[in-house]
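Summary of structural features
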Amino acid sequence: MSKISVTLNKLDACRWTIPKTGGMRVPGVIYTSEALLREMGGDESPQQVMNVAYLPGIVKYSLAMPDMHWGYGFPIGGVAAFDVKSGVISPGGVGYDINCGCRMITSKLNFEDIRDRVKDLVVALFHNIPSGVGSTGVLKLSPKEERQVLTQGSRWAVSQGYGSEEDIETTEDHGAMAGADPDKVSPRAIERGRDQLGTLGSGNHFLEVEVVEEIFDPEVAAAFGLSVGQVAVLIHSGSRGLGYQICDDYLARMVKKMNELGVPLPDRQLACSWLESQAGKDYLAAMACAANYAWANRQMLMHWTRETFEKTLRKSPRELGMKLLYDVCHNIAKLETFPVDGKMMELCVHRKGATRSFPPGHPALPVCYRKVGQPVLIPGDMGTGSYVMVGTEKAYQETFGSTCHGAGRVMSRAQATRVSSGRQVAREMAERGVLVMASGKGTLKEEIPEAYKKLDDVVDVVHRAGLSRKVARLKSVCCIKG
Ligand SMILES: Nc1nc2c(ncn2[C@@H]2O[C@H](COP(=O)(O)O)[C@@H](O)[C@H]2O)c(=O)[nH]1
Ligand SMILES: [Mn+2]
Ligand SMILES: [Mn+2]
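Criteria and cut-off values
Residues numbered from 1 in each chain as written. Chains lettered and ligands numbered in written order. Predicted model: local features only at pLDDT ≥ 70, side-chain atom pairs only at ≥ 80, totals over all residues. Heavy atoms only, no water. UniProt positions renumbered as here; feature names shortened; annotations may be inferred. Axes fitted to C-alpha atoms, helices over the stretch in contact; angles between N-to-C directions. Helix = DSSP H or I, 4+ residues; strand = E, 2+ residues; numbered from the N terminus. Parallel < 35°, antiparallel > 145°, perpendicular 65-115°, else oblique. Contact = heavy atoms within 4.5 Å. Nonpolar A, V, L, I, M, F, W, Y, C, P; charged D, E, K, R; others polar. Buried < 20%, exposed > 50% of the residue type's maximum accessible area, 1.4 Å probe, protein only. Pairing = 2+ DSSP bridges. Near = heavy atom within 4 Å. Polar contact = N/O pair within 3.5 Å; in protein donor to acceptor, adjacent residues only side chain to side chain. Areas by Shrake-Rupley, 256 points an atom, 1.4 Å probe, with all protein chains shown as cover. Donors = N, O, S within 2.8 Å, 3.2 Å for Na, K, Ca; no water. Salt bridge = Lys/Arg side-chain N within 4 Å of Asp/Glu carboxyl O.

As annotated in an unreviewed UniProt entry, the chain is tRNA-splicing ligase RtcB from Syntrophus gentianae. For the record of the chain, the UniProt heading Subunit (unreviewed entry) holds the text "Monomer." Taken from UniProt, the Sequence similarities (unreviewed entry) comment for the chain reads in full: "Belongs to the RtcB family."

The next thing to look at is the packing of helix H5 (residues 143-152) against helix H12 (residues 278-313). Put simply, H5 and H12 touch, their axes get as near as 6 Å, and they point 95° apart. Judged on the interaxial angle alone, H12 and H5 are roughly perpendicular. Contacts between H5 and H12 pair Val 149, Leu 150 and Thr 151 from the former with Ala 288, Cys 289, Asn 292, Tyr 293 and Ala 296 from the latter. Here the contact of H5 with H12 is composed, by residue class, of six nonpolar, two polar and no charged.

Another point: the pairing of strand S7 (residues 101-110). Buried residues dominate S7, accounting for eight of its ten residues. With seven bridges connecting them, S7 and strand S9 (residues 230-237) associate as antiparallel partners. Each residue of the ladder has a partner; that of Ile 105, found in S9, is Val 233. Pairing of S7 with strand S11 (residues 323-329), which is carried by six bridges, proceeds in the antiparallel orientation. Each residue of the ladder has a partner; that of Ile 105, found in S11, is Leu 324.

Here we take up the site of ligand 1. Neighbouring ligand 1 are 19 residues; Asn 204, Glu 208, Gly 380, His 405 and Ala 407 lie closest to it. Between ligand 1 and Pro 379 there is a distance of 3.4 Å, counted from an oxygen atom to a backbone nitrogen or oxygen. With respect to ligand 1, the backbone of Ala 407 contributes an N or O atom lying 2.8 Å from an oxygen atom. For ligand 1, the protein covers 94% of the area, taking 510 Å² as the surface of the free molecule. Residue contributions to the shell around ligand 1 peak at three residues, all from strand S15 (residues 375-381). A breakdown of the residues in the shell around ligand 1 according to their chemical character gives seven nonpolar, eight polar and four charged.

Here we come to the coordination of the manganese ion (ligand 2). Note on metal sites: the ideal angle is 109.5 degrees for four tetrahedral donors, and 90 or 180 degrees for six octahedral donors. Coordination of the manganese ion (ligand 2) by the protein is provided by Asp 97 (OD), Cys 100 (SG) and His 205 (NE2), with metal-donor distances spanning 2.1 to 2.3 Å. Mapping the donors of the manganese ion (ligand 2) onto the primary sequence gives the spacing D-x2-C-x104-H. Between the manganese ion (ligand 2) and the manganese ion (ligand 3) the interatomic distance comes to 3.6 Å, and Cys 100 is a ligand of both metals. In this structure, Asp 97 and Cys 100 share a single accessibility class: buried.

On to the UniProt feature "active site" (unreviewed entry) in the chain. Listed under "active site" (unreviewed entry) in the UniProt record, and renumbered for this structure, are His 405. Tracing the backbone through its elements, the reader meets His 405 in the loop between strand S17 (402-403) and helix H15 (413-419). Excluding anything up to four places from it in sequence, His 405 contacts Asp 67, Ile 76, His 330, Gly 353, Ala 354, Thr 355, Leu 377, Ile 378 and Pro 379. Side chain to side chain, His 405 and Asp 67 meet in a polar contact 2.5 Å long.

Time to look at the pattern of salt bridges. All chains considered together, the criterion is met by 27 salt bridges. Asp 167 is paired through a salt bridge with Arg 306; the nearest N and O atoms lie 2.9 Å apart. Highlighted residues: Asp 167 in helix H7 (residues 165-169) and Arg 306 in helix H12, separated in sequence by 139 residues. A salt bridge links Asp 217 to Arg 469, with the nearest nitrogen and oxygen atoms 2.8 Å apart. Here Asp 217, found in the loop between strand S8 (206-215) and helix H9 (218-224), pairs with Arg 469, found in strand S19 (residues 468-481); they are 252 residues apart in sequence, far enough to count as distant. Judged by relative accessible area, Asp 217 falls into the buried class, the value being 14%. Through salt bridges with shared partners, a single network forms among Asp 12, Arg 15, Lys 394 and Glu 398.

Okay, structure coming up:
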């Protein structure tokens, strides 16, 4: 990567701009705060915001959210939109874990109902939800079944008895992205996807039981079915080895053809293809397959979560009332329409570690949320919990309908492991009132809360900037990690 120094000009309390210099086609805009910027130290993600601005067809600006940190090519927390006619698509702008995302399940339970059963719950969840590096699930898909998963997404899982029609209604894109073509997925990726459906993954992926601690917006909270003291579950997982392999395959194909693009780029990791080229179309069709796999995956994980609650607490589905609040993706590229300079424009919006944040009235929202806006799920770390926010008109106008996706790392995994050397992380978490279990030997050390920015700080920025509004804060009670 060529080294260029980054000039950051403060625009207002929440925004810094990077002026257009060199080969940049648009300026950069970073949503953050003085404190978060200071904490980032030497992280090279502002440089990456600049690099993304070199890509052909980019519209308005190259954006980053306050949870930003270094990623492959594009920063994590990055958002960039490209004209579908003159722009490109880049696998590094989506990320290796295609359609990594979160889903939240609300319940009729109050913390009092589980207070004495938290240990039983975490043990049962850990036992029933396969997790860890390369973990395999209970299914070994036939080639025909896997093609169905890749094209039908959540609907395939529901057709097999994992959940209900109602779950599909409250999943982004109804849990299936159009245009998925399994013929654009390599045999190696298909092989990797065969036995990993219904598995959580490793490290940062988790399944967490949480309790609603504070409500900020009573009207929206009521529409989302949230109240203080209520028990909810947050699941964070993605497309497993299949998505990783698709990203890797298409990066290799696009890197090989970088010269054909005819546009000098500051970083090979920005490998991309014209949206109208065969490689661009093939990547979109393969990416949609991975997105659908991830939705089916989270649907199955949710099904086993419901079953685990039923068996452990000896309650019926009706008594538990475990309802899918919403499922959002935070690593994706989507063809969407936005106003640009007073005209509606067809764009390919890359959200890499960024969440869609659509406003009230948007036709893509389920009818039940159309009056209030899209639920936005923002996890923090295993010792903290998460926020539920709501999408806004400001995000629609300013950030191609996007907001942050989490707290975002401040330490690499290696750094976190060094810092926590000799510490009993599970015990520390228990002292904070969170029971944690992990598959990976080093996972808890890599995932210490200090490895992430403070969730309150990140959420404050997007709330003050108007990119999404606070609805509720939830506290972790127990968590299983990969
Ligand atoms: N509530 C929890 N949040 C967590 C945990 N581990 C990570 N995180 C947050 O999730 C996002 C996900 O981002 P990704 O880029 O890794 O997909 C991350 O930024 C953290 O803020 C957890 O155990 N519980
Ligand atoms: Mn992921
Ligand atoms: Mn993720």
